[in-house]
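# Summary of structural features
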There are 2 protein chains.
Amino acid sequence: MNTPDAMLPTDAGKFSCWAGRRVLITGGLGFIGSNLALRLAGLGADVVVIDSLVPEYGGNPFNLEGDGLDGAVPPVRINVSDIRDPHSLRWLMHDRELIFNLAGQTSHLDSMNDPFTDLAINGAAQLSILEICRQHNPGARIVFASTRQIYGRPRYLPVDEAHPLDPVDVNGINKIAGESYHMLYTRVYGLQTTALRLTNTYGPRMRIKDARQTFLGVWVRAVIEGQPFEVWGGEQLRDYTYVDDAVDALMRLAMAEDAVGRAFNLGGDGVYSLADTAALLASVSGGRYSIHEFPAERKRIDIGDYYADDRAFRTVTGWVPRVPLEDGLQRTVAYYRRYVRHYL
Amino acid sequence: MNTPDAMLPTDAGKFSCWAGRRVLITGGLGFIGSNLALRLAGLGADVVVIDSLVPEYGGNPFNLEGDGLDGAVPPVRINVSDIRDPHSLRWLMHDRELIFNLAGQTSHLDSMNDPFTDLAINGAAQLSILEICRQHNPGARIVFASTRQIYGRPRYLPVDEAHPLDPVDVNGINKIAGESYHMLYTRVYGLQTTALRLTNTYGPRMRIKDARQTFLGVWVRAVIEGQPFEVWGGEQLRDYTYVDDAVDALMRLAMAEDAVGRAFNLGGDGVYSLADTAALLASVSGGRYSIHEFPAERKRIDIGDYYADDRAFRTVTGWVPRVPLEDGLQRTVAYYRRYVRHYL
């Protein structure tokens with residue numbers, strides 16, 4: 001099979017309305033953004049992506065330009081710019097019907113080491129995007145990528161949207177601000193914003209250099225390099241979304257009635273302990289792993305168990321995950337076995 | 001009586017520990033900050049105040065330097081600088097034992113008209129204060145002035161600290177971030193932070209030029225100028241803290257055991273409708289007022305009724321309000337009858 005997953009035809013009937021739609025994706029050379037760009041371009045949308053290509057973040061030109069597309073280079077316009085630059089944003093946003101606002105600083109440790117940069121990207125730049133929409137493109141639909149990190153350590157499980165927000169790092173505080181600005185601009189100015197609180201998303205095109213995006217990145221890298229990967233703890237419960245399912249969720253949210261002004265959890269196909277996840281990855285890849293005690297400096301900002309109650313989102317959009325964790329891990333390993341050199 | 005309220009001796013036994021304490025007050029030429037500076041200086045503390053004197057904010061040199069002190073000029077060191085300037089902050093903060101962090105942008109409408117400035121002051125500058133403490137003065141006690149605005153429209157009354165945070169303006173979103181950074185820096189780095197969520201504070205030295213600090217400001221100004229003041233709505237319920245009681249609360253919080261890492265509501269001596277408040281102000285001042293329908297553009301960011309459940313704070317600190325609303329309004333009117341020219 002040479003066609004990447006994201007190029008497979010999807011519910012064509014439901015999404016035929018994507019043809020010709022003017023779409024902007026911030027963070028569009030990143031993991032989820034590039035998968036979304038490929039899917040939308042394949043459906044005939046007019047896709048512009050913005051990405052800053054900050055080396056520590058998720059952007060990677062190979063995601064949209066490389067031979068990972070097997071020659072099927074999609075008609076996506078790539079614009080390298082930073083969402084902290086309001087001038088380029090204004091021009092790029094002014095005629096877009098749909099804005100998938102995925103750009104962000106996602107590393108929890110980076111947010112503690114440099115909280116000002118995290119605030120500039122996850123706070124001030126989000127305000128800038130919304131101000132530009134308000135002034136120059138008030139009719140655009142905006143889908144914001146939020147995160148489970150805003151809940152902090154769960155007080156009950158599964159975590160629904162009414163759970164208190166009490167994050168354990170600067171990143172979580174700033175993501176609350178970013179999401180809240182979106183909801184506020186709907187309430188006060190009538191902008192068409194929605195938000196999706198993502199859990200662990202994984203799959204082809206994720207960052208595997210380090211754990212800045214997801215711990216699964218470094219696990220997969222170790223597998224590909226023939227090294228044992230390290231599991232910290234093991235009993236913590238998590239849920240996972242395969243990237244194609246996350247893309248499907250974002251697209252459904254963009255089109256859903258009754259979603260404007262609301263933020264929804266997104267979950268996955270089930271709940272897994274880290275140890276179970278590791279065993280699954282090892283079994284699909286032939287990889288090895290070792291389990292270690294959780295280090296103290298990570299424990300301060302660890303959240304314990306987490307899994308989402310995403311029934312509200314499923315009700316509003318009809319979304320269900322199609323790719324079970326085992327399949328998703330298999331596809332992910334297959335991708336990186338071919339293309340790992342572009343991700344190191 | 002020539003001594004301003006804030007210079008009156010207060011529970012000298014309890015607070016004798018203030019003599020010689022090295023205190024910094026951000027926003028110290030403002031309303032609450034200047035009253036606090038006077039009280040602490042009167043108790044023998046070594047007080048430095050920082051204020052940016054941005055004309056639209058609460059800082060007013062008359063609050064600490066003018067003839068409103070009746071010659072009893074307190075030994076307060078005034079440093080005009082902006083909390084957005086980390087260099088001056090670093091020097092001014094490095095040897096302080098107690099930091100009352102009161103500087104902020106408080107206007108809800110200004111936060112909507114210029115959300116970036118609100119974020120720079122209420123978000124980024126707060127991070128800067130905490131980073132400086134962490135790096136150069138980790139033992140300082142920090143008392144942060146938070147606000148009831150973070151709750152948004154109350155879902156139940158009275159509002160306790162477990163009430164969801166869902167603010168109706170950019171100011172509220174950024175104040176959540178500012179408060180959350182404080183709590184996080186205690187949790188992660190062990191800084192000694194506490195926060196007090198203030199309701200309507202009023203009294204001598206408040207801004208009366210406009211409603212940027214509290215609607216009571218413009219009401220009192222109209223009374224002093226012999227004009228009727230305008231009441232919008234009238235049925236909304238509110239609670240009020242006389243500034244001397246707010247100062248007492250901040251001082252108690254600075255000293256309280258079991259307060260570190262926690263944010264508390266502060267209320268007042270009771271619950272009043274706006275119409276009742278107006279009638280009380282008119283009766284103590286001989287002023288007149290008219291009641292008008294609530295304008296649509298304010299309604300979008302109005303919060304309806306609010307009053308605080310502040311039992312947690314009273315339990316931890318022993319605080320009780322001493323100045324009923326009627327007395328407080330009378331003292332406020334008396335102050336502005338003498339000094340109004342310095343506040344216009």
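In the annotation of an unreviewed UniProt entry, chain A is listed under the name NAD-dependent epimerase/dehydratase and assigned to Azospirillum baldaniorum.

This part is about the pattern of salt bridges. Per the stated rule, a full pass over the model turns up 34 salt bridges over all chains. Two residues, B:Glu131 and B:Arg134, come together in a salt bridge whose shortest N-O distance is 3.0 Å. Note that B:Glu131 and B:Arg134 are positioned in helix H6 (residues 115-136) at a spacing of 3 residues, about one turn of the helix. Taking the relative accessible area as the measure of exposure, B:Arg134 reaches 28% and is therefore partly exposed. When the shortest N-O distance is used, the salt bridge between B:Arg331 and B:Asp244 registers 4.0 Å. In this pair, B:Arg331 is assigned in helix H13 (residues 325-339) and B:Asp244 in helix H9 (residues 243-255), connecting sequence segments 87 residues apart. Linked through salt bridges whose partners overlap, the residues forming this network are A:Asp110, A:Arg207, A:Asp210 and A:Arg212.

Here the focus is the packing of aromatic side chains. For any pair of aromatic rings, geometry is given as the distance between the ring centres together with the angle between the planes. One pass over the full model with this rule turns up 36 aromatic pairs over all chains. The interplanar angle of 65° and the centroid separation of 5.5 Å between the aromatic rings of B:Tyr202 and B:Tyr242 together place this pair among those described as edge-to-face. Taken together, the residues span a long stretch of sequence, with B:Tyr202 in strand E7 (residues 200-202) and B:Tyr242 in strand E10 (residues 240-242) at a distance of 40 residues. The burial state of B:Tyr202 is the same as that of B:Tyr242; both residues are buried. Each residue in the set A:Tyr202, A:Phe215, A:Trp219, A:Phe229, A:Tyr240, A:Tyr242, A:Tyr272 and A:Tyr289 is aromatic and connected to the rest through ring pairs, giving one cluster. The ring of B:Tyr189 carries B:Arg134 above its face, with NZ or CZ at 4.6 Å from the centroid.

Residues and elements named next belong to chain B. The contact between helix H2 (residues 31-42) and H9 brings their axes to 9 Å, and the two run at 70°. Considering their axes alone, H2 and H9 lie roughly perpendicular with respect to each other. Relative to H9, H2 is oriented so that their crossing is right-handed. Residues Phe31, Ile32, Asn35, Leu36, Arg39 and Leu40 of H2 form the contact with H9, whose participating residues are Val243, Asp244, Val247, Asp248, Leu250 and Met251. Of the residues belonging to the contact of H2 with H9, the class tally is 8 nonpolar, 1 polar and 3 charged.

Turning next to the nonpolar core. By size, the foremost hydrophobic cluster in this structure holds 69 residues, and its most contacted members are B:Ile25, B:Leu40 and B:Phe100. By residue number, the principal contributor to this core is H9(B), which donates 8 residues. Ignoring any residue separated from it by four or fewer positions in sequence, one finds B:Ile25 in contact with B:Gly33, B:Leu36, B:Ala37, B:Leu40, B:Val47, B:Val48, B:Val49, B:Ile50, B:Phe100 and B:Leu102. If you look at the next biggest cluster of nonpolar residues, it comprises 68 residues, including A:Val23, A:Ile32, A:Leu38 and A:Val49.

With that settled, the discussion passes to the environment of B:Pro164. Residue and element names in this part refer to chain B. Relative to the elements of secondary structure, Pro164 occurs in the loop between strand E5 (141-147) and helix H7 (170-189). Once the C-alpha coordinates of Pro164 and Ile150 are considered, the two residues, 14 residues apart in sequence, prove to be 8.9 Å apart. The contacts of Pro164, once residues within four sequence positions are left out, are Tyr151, Arg155 and Tyr156.

The interface of chain A with chain B comprises 26 residues on the first partner and 26 residues on the second. Here chain A meets chain B over a buried area of about 2,300 Å², counting both sides, of which 70% is carbon and sulfur. Linking chain A with chain B are 2 salt bridges, by the criterion used here. Its salt-bridge partner being B:Asp166, residue A:Arg187 comes within 2.9 Å of it at the nearest N-O pair. If you look at where chain A meets chain B, you find 4 residue pairs in polar contact (both at pLDDT 80 or more). At 11 residues, helix H7 (residues 170-189) of chain A tops the list of elements feeding residues into the side of chain A that touches chain B. Split into classes, the residues belonging to the side of chain A that touches chain B amount to 17 nonpolar, 4 polar and 5 charged.

Let's shift gears to the pairing of strand E4 (residues 98-101) of chain A. All names here are of chain A. In E4, alternate side chains face the same way, and those of Leu98 and Phe100 on one face and Ile99 and Asn101 on the other are all buried. Inspection of the sheet shows strand E1 (residues 22-26) paired to E4 by 4 bridges, in the parallel sense. Pairing of Ile25 across the sheet is with Phe100, part of E4. Bridge count between E4 and strand E5 (residues 141-147): 4 bridges; the pairing is parallel. Bridging from a neighbouring strand, Phe100 pairs with Val143 of E5.

Cut-offs applied
- Residues numbered from 1 in each chain as written.
- Chains lettered and ligands numbered in written order.
- Predicted model: local features only at pLDDT ≥ 70, side-chain atom pairs only at ≥ 80, totals over all residues.
- Heavy atoms only, no water.
- Salt bridge = Lys/Arg side-chain N within 4 Å of Asp/Glu carboxyl O.
- Helix = DSSP H or I, 4+ residues; strand = E, 2+ residues; numbered from the N terminus.
- Buried < 20%, exposed > 50% of the residue type's maximum accessible area, 1.4 Å probe, protein only.
- Phe/Tyr/Trp six-rings, centres within 6.5 Å; stacked < 30°, edge-to-face > 60°.
- Lys NZ or Arg CZ within 6 Å of the ring centre and 35° of its normal.
- Axes fitted to C-alpha atoms, helices over the stretch in contact; angles between N-to-C directions.
- Parallel < 35°, antiparallel > 145°, perpendicular 65-115°, else oblique.
- Left-handed = near helix turned anticlockwise from the far one by under 90°.
- Contact = heavy atoms within 4.5 Å.
- Nonpolar A, V, L, I, M, F, W, Y, C, P; charged D, E, K, R; others polar.
- Core = buried A, V, L, I, M, F, W, Y, C linked by side-chain atoms within 4.5 Å.
- Buried area = accessible area lost by both parts, 1.4 Å probe.
- Polar contact = N/O pair within 3.5 Å; in protein donor to acceptor, adjacent residues only side chain to side chain.
- Pairing = 2+ DSSP bridges.

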